[in-house]
Amino acid sequence: MSLDPIYYVISWILLRWHSLWDAIGIPDGRVIGTNWAWILAIFFLVVTLRVILFPVFVKQIKSQRAIQALQPKVKALQEKHKGDRETLQKEMMELYRVEKANPLMGCLPMFLQIPVFFGLFHVLQHLDPTISDANKQLYGWPLEQFNSAAVAHLFNAPISAKFGSSSAELAALNADGLTVKILAAVLVLIMMATTFLTQRQMILKTGWAEDPQQLMIQRLMLYGIPFTLLFSGALFPIGVVIYWVTNNLFTLAQQQWVLRKFPPPAMANKGGSTARPATGTKTAGTAKNPVQPARTGGLFGRKPATPEPTSPVVDTKALAPKPGAKPVNPKKGARPANKPKG
């Protein structure tokens, strides 16, 4: 399947935003080593796409909460089919079907953005000032705007360059290799950190899953994706990294707004359902009820086997009357231990 339609759409959005900033009066020339009209065009490309995907994001939140509400039933199935993984998987899939909960909905916004990411990657890779004028006008690019974008910079580093650019590629862009590597490395680290924070924010707000498959997906997205960016980020043009970082920052703000306006329902701690762990280190099954009520019956909320006495211990042997002695009144026997023996 050809991605040409995506290349045309991304190019069209970038060109429209660049034309808008140019009409407003933002110069095409560099200010502080940056062509701000093109940087802002990439930034608002993110805004445009996020606005389009906002309804999908809301569906993602609703799906995650539906799955969260099913955790008591999932827990019951895990107990019922302990040791029979095949039957457990069939029962859980049937449960999700009946309740109309889709575990993959949590990944849908990311999957929808993958073609956009590859499209932007290709478009920025295409911004090569050495290609022919005919190729420069592919995907609806006017020749003048292509030449302007091909030499666009962020802090003196071309947005079409990358950390792993060869010497020949840097020479064609008239770029300094050290400047490109430093800026690309800083942006890749920011990209990794913001990717981790977006996933962590969502998990802490919606809770860790008890379903092993969902838990594996959560861990993969939280730790796996940021780690892979450490290596794949070297292949991304700086413009793509700008897009990714901007997208992450927008996601953080959007998630915070949505989760405050539509907070996840409090999970009833019945039947062993698991509430949200505070640190994300405890997984399903490690605690039947992480949110513990006030302890009223001793350690771990259970009544101790030997309750502590509520009155002072009395030495009954000392109070017992001696053979042949007069009985001792306990109320007046405040000093039985000091009574002389005789």
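Residues numbered from 1 in each chain as written. Predicted model: local features only at pLDDT ≥ 70, side-chain atom pairs only at ≥ 80, totals over all residues. Heavy atoms only, no water.

Here we look at the overall build of the chain
The test is simple: Segments assigned H or I by DSSP are reported as helices when at least four residues long, segments assigned E as strands when at least two residues long, and all are numbered from the N terminus. For the exposure calls, accessible area comes from a 1.4 Å probe over protein chains only, and a residue counts as buried if that area is under 20% of its type's maximum, exposed if over 50%, partly exposed in between. Here, two residues are considered to be in contact whenever any of their heavy atoms come within 4.5 Å of each other. With residues, only the protein chains shown are counted as cover, and all accessible areas are computed by Shrake-Rupley using a 1.4 Å probe.
Helix and strand content of the chain: 12 helices and 2 strands. Secondary structure elements of the chain occur, N-terminal to C-terminal, as α-α-α-α-α-α-α-β-β-α-α-α-α-α. Counting over 342 residues, the chain shows a buried share of 40%. Of the contacts formed within the chain by residues at least 6 apart in sequence, a portion of 70% connects residues at least 24 apart. Here the chain displays about 20,300 Å² of accessible surface, and carbon together with sulfur accounts for 64% of that area.

A word on the packing of aromatic side chains
Put simply, the rule reads: Stacked, tilted and edge-to-face pairs are distinguished by plane angle, under 30 degrees for stacked and over 60 for edge-to-face with tilted covering the rest, among Phe, Tyr and Trp rings (Trp via its six-membered ring) whose centres lie within 6.5 Å.
For the structure on display, the rule yields 18 aromatic pairs. With 5.2 Å between their ring centres and 85 degrees between their planes, Phe117 and Trp244 make a pair best called edge-to-face. Of this pair, Phe117 sits in helix H5 (residues 108-126) while Trp244 sits in helix H11 (residues 238-261); the two residues are 127 residues apart in sequence, bridging distant segments of the chain. With respect to class, Phe117 is no different from Trp244; both count as buried. The interplanar angle of 80 degrees and the centroid separation of 6.3 Å between the aromatic rings of Phe121 and Phe236 together place this pair among those described as edge-to-face. Of this pair, Phe121 sits in helix H5 while Phe236 is found in the loop between helix H10 (212-232) and H11, placing the two residues 115 residues apart along the sequence. Taking relative accessible area as the criterion, Phe121 reaches 21% and is therefore assigned partly exposed. Residue classification places Phe236 among the buried positions, given a relative accessible area of 9%. Joined through ring pairs, the aromatic side chains of Phe117, Phe118, Phe121, Phe236 and Trp244 make up one cluster.

Details of the confidence of the model for the chain
Residues shown with low pLDDT carry predicted positions that ought not to be read at fine detail. Basically, it comes down to this: pLDDT is defined as a per-residue confidence score from the predictor, taking values between 0 and 100.
Per-residue confidence for the chain averages 75 on the pLDDT scale, and 72% of its residues sit at or above 70. The least confident element of the chain, judged by mean pLDDT, is helix H12 (residues 316-319) at 52; the most confident is strand S1 (residues 153-154) at 93. pLDDT under 50 marks residues 268-310. Its contacts with residues more than four places away, or in other chains, come to 38 contacts.

Quick word on H10
Here is the rule: In this analysis, the expected span of each helix is defined as 1.5 Å times one less than the number of residues it contains. Axes are fitted to the seven residues ending at a residue and to the seven starting at it; the angle between these axes is taken as the bend at that residue.
When the terminal C-alpha atoms of H10 are compared, their 28 Å separation across 21 residues agrees well with the 30 Å that a helix rising 1.5 Å per residue should span. Along H10, the helix axis deviates most sharply at Leu220, where the bend reaches about 35 degrees. Where H10 is concerned, the buried positions are Gln214, Leu215, Gln218, Met221, Leu222, Pro226 and Leu229.

Description of the nonpolar core
Inclusion rule: Only buried residues count toward a nonpolar core, which is a set of Ala, Val, Leu, Ile, Met, Phe, Trp, Tyr and Cys residues joined through side-chain atoms within 4.5 Å.
The biggest cluster of nonpolar side chains holds 47 residues, and the ones touching the most others in it are Trp141 and Ile238. Setting aside anything within four residues of it in sequence, one finds Trp141 in contact with Ser11, Leu15, Trp38, Val123, Leu127, Lys136, Phe146 and Ala149. Leu70, Leu77, Met92 and Tyr96 belong to the second-largest nonpolar core, a separate cluster that totals 9 residues.

Observations concerning the environment of Leu173
Among the secondary structure elements, Leu173 is positioned in the loop between helix H8 (167-172) and helix H9 (177-206). Residue Leu173 is classed as buried on the basis of its relative accessible area of 14%. Sequence separation between Leu173 and Ala150 is 23 residues; the distance between their C-alpha atoms is 8.1 Å. Not counting residues within four places of it along the chain, the set of residues in contact with Leu173 comprises Pro129, Ala150, Pro158, Ser160 and Ala161.

Quick notes on a nonpolar patch on the surface
To keep things clear, this is the line we draw: Each patch is built from residues that are more than 30% exposed by relative accessible area and take part in no salt bridge. Like charges join if they lie within 9 Å; nonpolar side chains (Val, Leu, Ile, Met, Phe, Trp, Tyr) join within 5 Å. Counted as salt bridges are all cases of a side-chain nitrogen of Lys or Arg within 4 Å of a carboxyl oxygen of Asp or Glu.
A cluster of nonpolar residues, Leu178, Ile182, Val186 and Ile190, forms a patch on the protein surface that exposes about 360 Å² of accessible area. Secondary-structure assignment places Val186 in helix H9. Here Val186 falls in the partly exposed class, since its relative accessible area comes to 43%.

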